[in-house]
Amino acid sequence: MQTLFAYRQSKEANYALAIDHINEIFSPDLNSMEIQDKDQLKLDKKEASKIFKENYNNEDFSAESDTKTVKTAEEAISDYHKNNKKDESHFKKLMVHEAEKIVDRYILLLLLPTEFADLAENDSKLNHEKFVKNLLIKAIRSNKSIESLSLRRNLNWTNESDVVRQWFKDLIRPNKEYKTYLDKSGQSFDEDKEIVLHMVKSILLKSDVIDIYMEEKDLNWGEDRAIIKSLLIKTIKSISENDMEDFELQELSYNWEDDKTFFQKLFEETIEVEKKYKSLIAEKTKNWDIDRIAATDKIILEMAITEMIHFPSIPVKVTINEYIEVAKRYSTPKSKVFINGILDVIASELENTGVIRKSGRGLIDNK
């Protein structure tokens, strides 16, 4: 949804650029020594702009006339669609990249306790020997998957050593539970595991300082934080004393390749649905002030229609319920009622006309 919103914004910018192009072509040339007919230039600009505005949705627009106004409008329309295609490709790639960055943040935060252990080893303020020898820290250091990912994606805290040192000083060293852990005698796997879990859950993921830092590094941190927290906690809890070095990292999803294909297709098809079903959505929302409908609501409607049409294995009721939840989280307080009502009407019409055709699990009527 966020990617589609960004793409829509870029389309608006491309529209404005096309209009600017027309305005520039028909602006007086201040460097010209020839007398220019400013009134005629204004008329030509107005005519070219009119042609563009009436035909910009037609990618193959071509007029029989070869006047300068028509040719300029054609150029503007061509540039508009070229820029849109370029942006569509960019945002589709960026969408995948941003999702995969969740794994990077997960690995970086999983490595952070090992950085603290390195700092603890050289700290003279407290006796950190127990933490330096922590068995969970040792397991993280020895894990081949972490080592491979870290090297391949260049994931480390090398360039942030001052920041990490400050976190250790301000957040770890004075922590009451951490001090209690250090004071206990012996080296217990369960105690080692518990302090690393506490460090992640109650310090790293609850610190305003680290939150601010992560937000500066990643605009999606607010959205991704809960996912990363889940990955970290599941990982640490999964480590057992018998297979410390061979523990498995958590996957971003059960089948990332299938999920990636799903939302790439959803992105592509929603763009097409916007073009094809714009009038249908406008008709069904005519009792609402279309200009006051949230931009996110329009995108949610288009995504839901796309899913109902192009993903036959997903029941209609499941789609509607999911997008109501999306509206609750990302749009206005009244959006859930609006989305529910409009999707019920559109789904019924598209089913009756045979546009929506479900198969397999998609035939289940989830009440």
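Please read all numbers here as calculations on a predicted model, not as lab measurements.

> Looking at this model, I keep getting lost on the overall build of the protein chain. Mind explaining?
The secondary structure content of the protein chain amounts to 16 helices and zero strands. The principal-axis extent of the C-alpha atoms belonging to the protein chain is close to 90 × 65 × 35 Å. Relative to its full complement of 367 residues, the protein chain shows a buried share of 43%. Look at the contacts in the protein chain between residues 6 or more apart in sequence, and 76% of them connect residues 24 or more apart. For the protein chain, the accessible surface area stands at approximately 21,600 Å², while carbon and sulfur atoms represent 48% of it. For the protein chain, the separation between the mean place of its 57 positive charges and that of its 69 negative charges on side chains is 3 Å.

> I would appreciate a short explanation of the environment of E74 in the present structure.
For E74, the position within the fold is in helix α3 (residues 68-121). Remark: the alpha-carbon pair of E74 and I51, spanning 23 residues in sequence, is separated by 8.5 Å. Aside from chain neighbours lying at most four places away, what touches E74 is F61, S62 and A63.

> Even after reading the chapter, I still don't get the environment of S185, so can you show me in this structure?
Along the polypeptide, S185 turns up in the loop between α8 (176-183) and α9 (189-204). Once the C-alpha coordinates of S185 and E283 are considered, the two residues, 98 residues apart in sequence, prove to be 73 Å apart.

> Is there a simple way to explain the confidence of the model for the protein chain in this structure?
Detailed reading of the predicted coordinates is not advisable wherever pLDDT is low. When the pLDDT values of the protein chain are averaged, the result is 91; 98% of them are 70 or greater. Across the protein chain, element-level confidence peaks in helix α7 (residues 161-172) with a mean pLDDT of 96 and bottoms out in helix α13 (residues 278-284) with 86.

> Got a minute to help me understand the environment of Y254 in this structure?
Along the chain, Y254 turns up in the loop between α11 (221-238) and α12 (256-276). Note on Y254: relative accessible area 91%, which makes it exposed. When the C-alpha atoms of Y254 and Y80 are compared, they prove to be 39 Å apart, with 174 residues separating the residues in sequence.

> Which parts of the structure should I look at to understand unusual backbone geometry?
For N154, which is not a glycine, the phi torsion comes out positive at approximately 55°. On the secondary structure map, N154 appears in the loop between α6 (144-152) and α7. Judged by its relative accessible area of 60%, N154 falls in the exposed class.

> Just to check I follow, could you spell out a negative patch on the surface for this structure?
A cluster of like negative charges, contributed by D243, E245, D246, E248 and E251, occupies part of the molecular surface. Mapped onto the elements, D243 comes out in the loop between α11 and α12.

> Would you mind showing me how to read the nonpolar core here?
Core analysis: the largest hydrophobic core is formed by 51 residues, its most contacted members being I107, F116, F131 and Y178. With 13 residues, the top contributor of residues to this core is α3. Ignoring sequence-local partners within four residues, the contact set of Y178 consists of A120, H128, F131, I172, R173, I195 and M199. Among the nonpolar cores identified, the runner-up in size contains 39 residues, and F91, I299, M308 and A347 belong to it.

> Looking at this structure, how should I read the pattern of salt bridges?
Counted according to the given criterion, the structure contains 24 salt bridges. The salt bridge involving E302 is made with R8; its shortest N-O contact spans 2.7 Å. Of the two residues, E302 is situated in helix α14 (residues 295-310) and R8 in helix α1 (residues 2-25); the sequence distance between them amounts to 294 residues. Each member of the pair, E302 as well as R8, carries the same accessibility label: buried. E59 is the partner of K85 in a salt bridge, and the nearest nitrogen-oxygen pair spans 2.5 Å. Linking K85 in helix α3 with E59 in the loop between α2 (38-55) and α3, this pair joins segments that are 26 residues apart in sequence. On the accessibility criterion, E59 (38% relative accessible area) is partly exposed. Taken together, the shared-partner salt bridges connect R8, K11, E274 and E302 into one network.

What counts as what
Residues numbered from 1 in each chain as written. Predicted model: local features only at pLDDT ≥ 70, side-chain atom pairs only at ≥ 80, totals over all residues. Heavy atoms only, no water. Helix = DSSP H or I, 4+ residues; strand = E, 2+ residues; numbered from the N terminus. Buried < 20%, exposed > 50% of the residue type's maximum accessible area, 1.4 Å probe, protein only. Contact = heavy atoms within 4.5 Å. Areas by Shrake-Rupley, 256 points an atom, 1.4 Å probe, with all protein chains shown as cover. Lys, Arg positive; Asp, Glu negative; His and termini not counted. Charge placed at Lys NZ, Arg CZ, Asp CG, Glu CD. pLDDT = per-residue confidence, 0-100. Patch = residues over 30% accessible without salt bridge, like charges linked within 9 Å, V, L, I, M, F, W, Y side chains within 5 Å. Salt bridge = Lys/Arg side-chain N within 4 Å of Asp/Glu carboxyl O. Core = buried A, V, L, I, M, F, W, Y, C linked by side-chain atoms within 4.5 Å.

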